Amino acid sequence: MNFKKYKAVIFDLDGVIVSTDECHYEAWKMLSDEEGIYFDREINQRLRGVSRMESLEIVLERAQKQYTDEEKLEMATRKNNYYVEKIQTLDQSAILDGALEFIDMAKSVGLKVAIGSSSKNTMTILKQVQCDGIFDAIADGNDIKNSKPAPDVFLVAAKKLGVNPKDCMVVEDAYAGVDAAISAGMDVLAVGYAGTYEIATYSAKSLGELI
Ligand code: BG6
Ligand code: MG
């Protein structure tokens, strides 16, 4: 990977910088158990990178009844309340292998660094793991209408950085996020769960493998 040909790196948050998988899984599992909806870890994998409301729609594929929009909103809020309670327990040990070192490496060759995440809890999570001061820009679920695989969050991040999208590289763990980066016209390094996705520009098991 020729790092120096980029001007910025935009990192996804969940599954790239911080391990929140278990918190999301447990919160969705609590909600689905209460509603009598089948939910497992395989379904949970399909929620990577996808917004809260779109995640709920995936969970509801297994529901036995139709829910009104009002009920859906209540369920998404209930899941989020469980999730927010769980992420209070996160600390720096939740930072994923190589993430901080990779960020330092990017900064040391003059690249800007940003977050591009679908999560509306981005700031809470970054504060929780004491990483809220290390990025030049943060674009998250609060900045966008269309979530990944739409390119929006990465384009907002590039705009906030003042960098042309073609000069950005994205780091992603979700298929939806890799698709989003490509439609934003950015190169993408796929790690973790998306590490085997063939359309990514680069891939690795974890960021730790690259430092
Ligand atoms: C993404 C996660 O980063 O954020 C998804 O990969 C999640 O699983 C999405 O659904 C939205 O998160 P939040 O915190 O706004 O519910
Ligand atoms: Mg992710």
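Residues numbered from 1 in each chain as written. Chains lettered and ligands numbered in written order. Predicted model: local features only at pLDDT ≥ 70, side-chain atom pairs only at ≥ 80, totals over all residues. Heavy atoms only, no water.

Draft legend 1. Spotlight on the sheet that holds strand β1 (residues 8-11). Taken in spatial order, the six strands line up as β3-β2-β1-β4-β5-β6 in an open sheet, and their pairing is parallel. The open sheet terminates on both sides in strands that have one partner only, identified here as β3 (137-139) and β6 (202-204). Adjacent strand axes in the sheet meet at a mean angle of 20° when their direction is disregarded. One ladder, built from three bridges, connects strand β2 (residues 112-116) with β3; its direction is parallel. The residue bridging Ala114 from the neighbouring strand is Ala137, located in β3. (Pairing = 2+ DSSP bridges. Helix = DSSP H or I, 4+ residues; strand = E, 2+ residues; numbered from the N terminus. Axes fitted to C-alpha atoms, helices over the stretch in contact; angles between N-to-C directions.)

Draft legend 2. A look at the domain arrangement of the chain. Split by domain assignment, the chain resolves into domain 1 (3-19 + 93-210) and domain 2 (21-87). Here the C-alpha centroids of domain 1 and domain 2 sit 24 Å apart. Residue-level contacts link 14 residues of domain 1 with 13 residues of domain 2. Of all residues in domain 1, the largest losses of buried area upon contact with domain 2 belong to Asn121, Ser147 and Tyr193, amounting jointly to 37% of the total for that side. Viewed at the interface, domain 2 and domain 1 are joined by one salt bridge. (Domains from an automatic or database assignment. Contact = heavy atoms within 4.5 Å. Buried area = accessible area lost by both parts, 1.4 Å probe. Salt bridge = Lys/Arg side-chain N within 4 Å of Asp/Glu carboxyl O.)

Draft legend 3. Layout of the site of ligand 1. Around ligand 1, the structure places 15 residues, and the nearest of them are Asp14, Val50, Ser119, Lys120 and Asn121. In the environment of ligand 1, an oxygen atom lies 2.6 Å from a nitrogen or oxygen atom belonging to the side chain of Ser119. Between ligand 1 and the protein, one listed contact pairs an oxygen atom with a backbone N or O atom of Lys120 at 2.7 Å. When its residues are assigned to classes, the shell around ligand 1 shows three nonpolar, eight polar and four charged. Domain assignment of the residues forming the shell around ligand 1 places at least three in each of domain 1 (3-19 + 93-210) and domain 2 (21-87). (Near = heavy atom within 4 Å. Polar contact = N/O pair within 3.5 Å; in protein donor to acceptor, adjacent residues only side chain to side chain. Nonpolar A, V, L, I, M, F, W, Y, C, P; charged D, E, K, R; others polar.)

Draft legend 4. The arrangement of the coordination of the magnesium ion (ligand 2) in detail. At 2.0 to 2.1 Å from the magnesium ion (ligand 2) lie its protein donor atoms, namely Asp12 (OD), Asp14 (O) and Asp173 (OD). Summarised as a motif, the one-chain spacing of the donors to the magnesium ion (ligand 2) is D-x1-D-x158-D. With Asp14 in the loop between β1 and α1 (21-35) and Asp173 in the loop between β4 (168-172) and α8 (175-183), the pair connects residues that are 159 residues apart, well separated along the chain. The class of Asp14 is buried, set by a relative accessible area of 16%. (Donors = N, O, S within 2.8 Å, 3.2 Å for Na, K, Ca; no water. Buried < 20%, exposed > 50% of the residue type's maximum accessible area, 1.4 Å probe, protein only.)

Draft legend 5. Looking closely at the pairing of strand β5 (residues 187-191). Most of β5 sits inside the fold, with four of its five residues counted as buried. Inspection of the sheet shows β4 paired to β5 by four bridges, in the parallel sense. Looking at β5, one finds that Glu172 is bridged to Ala190. Following the chain from β4 across α8 to the adjacent parallel β5, one finds a crossover that is right-handed. Judged from the three bridges that link them, β5 and β6 form a sheet pairing that is parallel. Along β6, the bridge assignment pairs Ala190 with Ser203. (Right-handed = clockwise from strand over helix to strand, strands pointing away.)

Draft legend 6. Layout of the pattern of salt bridges. Enumeration according to the criterion identifies 15 salt bridges in this entry. In this structure, Glu74 engages Arg78 in a salt bridge whose closest nitrogen and oxygen atoms are separated by 2.9 Å. With Glu74 and Arg78 both in helix α4 (residues 69-87), this residue pair falls four residues apart, about one helical turn. When its relative accessible area of 41% is taken as the criterion, Glu74 is described as partly exposed. With relative accessibility at 17%, the residue Arg78 sits in the buried group. Where Lys160 meets Asp143, a salt bridge forms, and the shortest distance between an N and an O atom there is 3.3 Å. Remark: Asp143 occurs in the loop between β3 and α7 (152-161) and Lys160 occurs in helix α7; sequence separation between them is 17 residues.

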